[in-house]
Amino acid sequence: DTEVTQTPKHLVMGMTNKKSLKCEQHMGHRAMYWYKQKAKKPPELMFVYSYEKLSINESVPSRFSPECPNSSLLNLHLHALQPEDSALYLCASSQDSSGYNEQFFGPGTRLTVL
Amino acid sequence: GQSLEQPSEVTAVEGAIVQINCTYQTSGFYGLSWYQQHDGGAPTFLSYNGLDGLEETGRFSSFLSRSDSYGYLLLQELQMKDSASYFCAVLRKTNAGKSTFGDGTTLTVKP
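Bear in mind that the values here come from a model prediction, so they are computed numbers and not experimental data.

Looking at the interface of chain B and chain A
Move 1: On the side of chain A, 22 residues touch chain B, which itself brings 20 residues to the contact.
Move 2: Carbon and sulfur atoms make up 60% of the area that chain B and chain A hide from each other, which totals about 1600 Å².
Move 3: Connecting chain B to chain A are 0 salt bridges.
Move 4: Joining chain B to chain A, the criterion identifies 2 residue pairs in polar contact (both at pLDDT 80 or more).

Quick look at the structure:
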């Protein structure tokens with residue numbers, strides 16, 4: 001299994017809602033990532049988890065809260081988002097985060113904040 | 001800080017060869033990778049260069065020159081399905097796991 005899955009595929013939420021994005025991989029990877037991508041722009045790194053511990057937080061607003069319940073799962077909890085947070089949210093995984101390892105991306109969740 | 005520069009758009013015809021350049025300025029450089037992303041899809045890994053020289057994978061090759069802070073992606077025997085965005089990404093020695101992506105090059109392959 002060389003796939004990273006993400007749910008939901010699409011999400012529309014109001015600014016007062018609380019929702020969660022989910023990501024799963026069964027490749028035995030020990031590093032997992034959240035990226036945000038706006039249209040016609042490159043992916044921007046948000047968070048990196050290494051061995052289930054948060055290792056990089058790219059100064060992301062606290063309305064985004066990551067969680068890594070185990071080595072296969074990664075969640076992104078959303079609360080009180082703004083319309084400018086509308087974007088494609090990509091999850092990725094790699095063997096680990098030391099040195100170089102190819103990142104495998106999931107198909108993303110397209111988020112719209114009304 | 002760090003910055004990557006790549007052309008915003010490239011157009012070529014089927015069967016041709018195209019080269020997408022990437023220049024970077026970064027401290028603690030570890031390596032350069034390339035990703036392809038079709039419209040509406042996820043980025044997929046194409047290649048990685050940790051050392052100077054050419055890496056070949058089928059129709060795609062990637063090159064790195066650390067002394068020139070420069071790399072390129074070479075696509076041969078272009079096919080219509082190669083129309084996509086191509087991103088170079090720098091991996092730094094510090095902040096292991098952190099890849100910074102260039103703005104991307106939109107490749108359009110015409111018949």
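Continuing now.
Quick look at the packing of aromatic side chains
The way to describe two aromatic rings as a pair is by their centre distance and the angle between their planes.
Move 1: Considering all chains together, one arrives at 13 aromatic pairs over all chains under this definition.
Move 2: Ring plane angle 90° and centroid distance 5.8 Å describe the contact between A:Y35 and B:F101, whose orientation is recorded as edge-to-face. Linking A:Y35 in strand β4 (residues 31-37) with B:F101 in strand β10 (residues 99-101), this pair reaches from one chain into another. The same class applies to A:Y35 and to B:F101, which are both buried.
Move 3: An aromatic cluster of at least three residues, connected via ring pairs, comprises A:Y33, A:Y35, A:F105, B:Y35, B:F45, B:F87 and B:F101.

Reading the values: the criteria
- Residues numbered from 1 in each chain as written.
- Chains lettered and ligands numbered in written order.
- Predicted model: local features only at pLDDT ≥ 70, side-chain atom pairs only at ≥ 80, totals over all residues.
- Heavy atoms only, no water.
- Contact = heavy atoms within 4.5 Å.
- Buried area = accessible area lost by both parts, 1.4 Å probe.
- Salt bridge = Lys/Arg side-chain N within 4 Å of Asp/Glu carboxyl O.
- Polar contact = N/O pair within 3.5 Å; in protein donor to acceptor, adjacent residues only side chain to side chain.
- Phe/Tyr/Trp six-rings, centres within 6.5 Å; stacked < 30°, edge-to-face > 60°.
- Helix = DSSP H or I, 4+ residues; strand = E, 2+ residues; numbered from the N terminus.
- Buried < 20%, exposed > 50% of the residue type's maximum accessible area, 1.4 Å probe, protein only.

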